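Analysis of the macromolecular model
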Amino acid sequence: MAQKAVVLDQPAIRRALTRIAHEIIERNKGVQECVLVGIKTRGIFLADRLAKRIEEIEGEHVPVGELDITLYRDDLTTKTKNHEPEVKGTDIPVDFTDKKVILIDDVLYTGRTVRAAMDALMDIGRASQIQLGVLVDRGHRELPIRADYVGKNIPTSSSEKIVVELIESDSVDQVTIYDK
């Protein structure tokens, strides 16, 4: 793969997350009934960062959970032909029944990951509402899913790949476009 461009650097990611935090607070008229749930792996890091920003802004703690969607993927048989899928586990430390769950992920592409995440959530409990926040929306939806909160819309071609790197897992904060 050949790198085309870095589209978000560390300050741009920080600003995008700060804006999303403000939008979450405004849309929900506070965060009293909200739970952030990060989709493994990078969605968890983003959810943690958003919870910290919201607490700085609003002075209220927002519970954060981790959601593993491995067994809910519709491409599980094609991705794991020769080996067992690696299940990393789900950890949502609060009962989110009748609360607003805000799913957090790094990139929204076809919508299939989000569909799998909603299926996984519904097997755990019944939220009053599910919202979606993503750092990057790259288009090319295959399912009728859209994000409520978007850090940056980055129109791409199907021959391009978006790579999100975060300090927690990759030692750098940046979003890069590559040619496949």
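This is a predicted model, so every value here is computed, not measured.

The buried fraction of strand S2 (residues 34-39) amounts to six of the six residues, a majority that puts the element mostly inside the structure. Burial of S2 is two-sided: the residues Cys-34, Leu-36 and Gly-38 facing one way and the residues Val-35, Val-37 and Ile-39 facing the other way are all buried. One ladder, built from five bridges, connects S2 with strand S4 (residues 100-108); its direction is parallel. In the strand pairing of S4, Val-37 is matched with Leu-103. Bridge analysis of S2 against strand S3 (residues 64-67) gives four bridges, and the strand direction is parallel. Bridge pairing in S3 places Val-37 opposite Gly-65. Note on the crossover from S2 through helix H2 (residues 42-58) to S3: the handedness is right-handed.

Compared with an ideal rise of 1.5 Å per residue, which puts 18 residues at 26 Å, helix H1 (residues 10-27) spans 26 Å between its outermost C-alpha atoms and is within 8% of the ideal. Taken together, the buried positions of H1 are Ala-12, Ile-13, Ala-16, Leu-17, Ile-20, Ala-21, Ile-24 and Ile-25. Sitting at the head of H1, Asp-9 places a side-chain oxygen 3.0 Å from the backbone nitrogen of Ala-12. Once H1 finishes, Lys-29 follows within two positions and takes phi at roughly 50°, a positive value.

The sheet built from five strands is open, its strands ordered S3-S2-S4-S5-S6 with parallel pairing. Two strands close off the open sheet at either side, each with one partner strand: S3 and strand S6 (149-153). With direction set aside, neighbouring strand axes in the sheet form an average angle of 25°. Bridging between S4 and strand S5 (residues 129-137) involves eight bridges; their strand directions are parallel.

For the bond from Lys-40 to Thr-41, the omega torsion is 10°, close enough to zero to count as cis. With a phi close to 65°, Asp-98 is a non-glycine residue in the positive phi region. Inspection of the secondary structure puts Asp-98 in the loop between helix H3 (76-79) and S4. Not every positive phi belongs to a glycine, and Ser-171 is a case in point at roughly 70°. Look at Ser-171 and you get exposed, because its relative accessible area is 67%.

For Ile-25, the position within the fold is in helix H1. Here Ile-25 falls in the buried class, since its relative accessible area comes to 10%. Note: C-alpha distance between Ile-25 and Glu-160 (135 residues apart in sequence) is 33 Å. In contact with Ile-25, not counting residues within four places along its chain, are Gly-30, Val-31, Ile-54, Ile-57 and Glu-58.

Moving residue by residue along a regular strand, the side chains alternate between the two faces of the sheet. Among the nine residues of S4, eight are classified as buried, and the element is accordingly described as predominantly covered. With helix H4 (residues 112-124) bridging S4 and the parallel S5, this β-α-β connection has right-handed handedness.

Rules of the game
- Residues numbered from 1 in each chain as written.
- Predicted model: local features only at pLDDT ≥ 70, side-chain atom pairs only at ≥ 80, totals over all residues.
- Heavy atoms only, no water.
- Buried < 20%, exposed > 50% of the residue type's maximum accessible area, 1.4 Å probe, protein only.
- Helix = DSSP H or I, 4+ residues; strand = E, 2+ residues; numbered from the N terminus.
- Pairing = 2+ DSSP bridges.
- Right-handed = clockwise from strand over helix to strand, strands pointing away.
- Expected span 1.5 Å × (residues − 1).
- Polar contact = N/O pair within 3.5 Å; in protein donor to acceptor, adjacent residues only side chain to side chain.
- Axes fitted to C-alpha atoms, helices over the stretch in contact; angles between N-to-C directions.
- Contact = heavy atoms within 4.5 Å.

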